[in-house]
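Structural overview for review
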Amino acid sequence: MKVTDQVRAFSQPVVEGLGCTLWDVEYVREGGEWFLRLYIDKEGGVGIDDCEAVSRAVDPILDQEDPVPGRYHFEVSSAGLERPLRRPEHLAWSLGKTVAVRLYRPRDGAKEFTGVLRGYADGKIVLETATGETAFEKDEIALVRLHLEI
């Protein structure tokens, strides 16, 4: 089982018990060091106190379960206003919302498209843009994220 799946399994009930939602778990190498990050969300927004409470509650469980080999940095953060949409439940939550889709290679001269998320299935994303509905296949999508309209 992947580190992120293990951490999600034991931290999700803890996060929910503190009145938050576990949005995502990330385990990445940056600048030669490993980082384990929990991204949380909450109705009305996440504050520093929420991040601290989750960190203090999950940290001893990480020590006990020991899912990460070697040294790493543990961080808890808000999912953010323009959060990445990586999991099917993220896409379900985002239906009808404005999202940005970044592609690996340009399509019609553009690598990023913004529109209302109208559908998703098997990694395929359907956006309603100013020019109509546009579908993107899983293998061409680099990133999908919420788009904040200002």
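1. Things to note about the sheet that holds strand β2 (residues 33–41)
- Taken in spatial order, the 3 strands make up an open sheet running β1-β2-β3, and their pairing is mixed. The open sheet has two free edges, formed respectively by β1 (21–30) and β3 (73–78), since each of these has just one partner strand. Going from strand to strand, the sheet's axes swing by 20° on average, the running direction of each strand aside.
- Sheet topology note: the β1/β2 ladder contains 9 bridges and is antiparallel. Residue pairing in the sheet places Val 28 in a bridge with Phe 35 of β2.
- Helix-sheet contacts for helix α2 (residues 48–65) involve β2 and β3, and the interaxial angle to β3 is about 145°.

2. So, the sheet that holds strand β7 (residues 132–136)
- Taken together, the 5 strands give an open sheet; going across it, the order is β7-β6-β5-β4-β8, and neighbouring strands pair in antiparallel fashion. In this open sheet, the two edge strands, each paired with only one partner strand, are β7 and β8 (141–146). In this sheet, neighbouring strand axes are inclined to one another by 40° on average, regardless of whether the strands run parallel or antiparallel.
- Pairing of strand β5 (residues 110–121) with strand β6 (residues 124–129) involves 5 bridges; the strand directions are antiparallel. Among the inter-strand pairings, Val 116 is bridged to a residue of β6, identified as Glu 128.

3. Details of the confidence of the model for the chain
- Residues with a pLDDT of 70 or more make up 99% of the chain, whose mean pLDDT is 94.
- For the chain, per-element mean pLDDT is lowest for helix α3 (residues 88–94), which scores 91, and highest for β2, which scores 97.

4. Details of the packing of helix α1 (residues 3–17) against α2
- At a minimum axis distance of 10 Å, the contact between α1 and α2 shows a crossing angle of 145°. Handedness of the crossing formed by α1 with α2: right-handed. Mapping the contact onto sequence places Val 7, Phe 10, Ser 11, Val 14 and Val 15 in α1 and Val 54, Ala 57, Val 58, Ile 61, Leu 62 and Glu 65 in α2.

5. Digging into the packing of aromatic side chains
- Scanning all chains against the criterion turns up 3 aromatic pairs.
- When the centroid spacing of 5.2 Å and the interplanar angle of 75° are considered together, the rings of Trp 23 and Trp 93 count as edge-to-face. Residue Trp 23 is found in strand β1, and its partner Trp 93 is found in helix α3; the two are separated by 70 residues along the sequence.
- Measuring from ring centre to ring centre gives 4.6 Å for Tyr 27 and Trp 34, while their planes differ by 20°; the resulting arrangement is stacked.
- The class of Trp 34 is partly exposed, set by a relative accessible area of 30%.
- Positioned over the ring face of Trp 23 is Arg 83, at 4.7 Å from the centre of the ring.

Analysis parameters
- Residues numbered from 1 in each chain as written.
- Predicted model: local features only at pLDDT ≥ 70, side-chain atom pairs only at ≥ 80, totals over all residues.
- Heavy atoms only, no water.
- Pairing = 2+ DSSP bridges.
- Helix = DSSP H or I, 4+ residues; strand = E, 2+ residues; numbered from the N terminus.
- Axes fitted to C-alpha atoms, helices over the stretch in contact; angles between N-to-C directions.
- Contact = heavy atoms within 4.5 Å.
- pLDDT = per-residue confidence, 0-100.
- Left-handed = near helix turned anticlockwise from the far one by under 90°.
- Phe/Tyr/Trp six-rings, centres within 6.5 Å; stacked < 30°, edge-to-face > 60°.
- Buried < 20%, exposed > 50% of the residue type's maximum accessible area, 1.4 Å probe, protein only.
- Lys NZ or Arg CZ within 6 Å of the ring centre and 35° of its normal.

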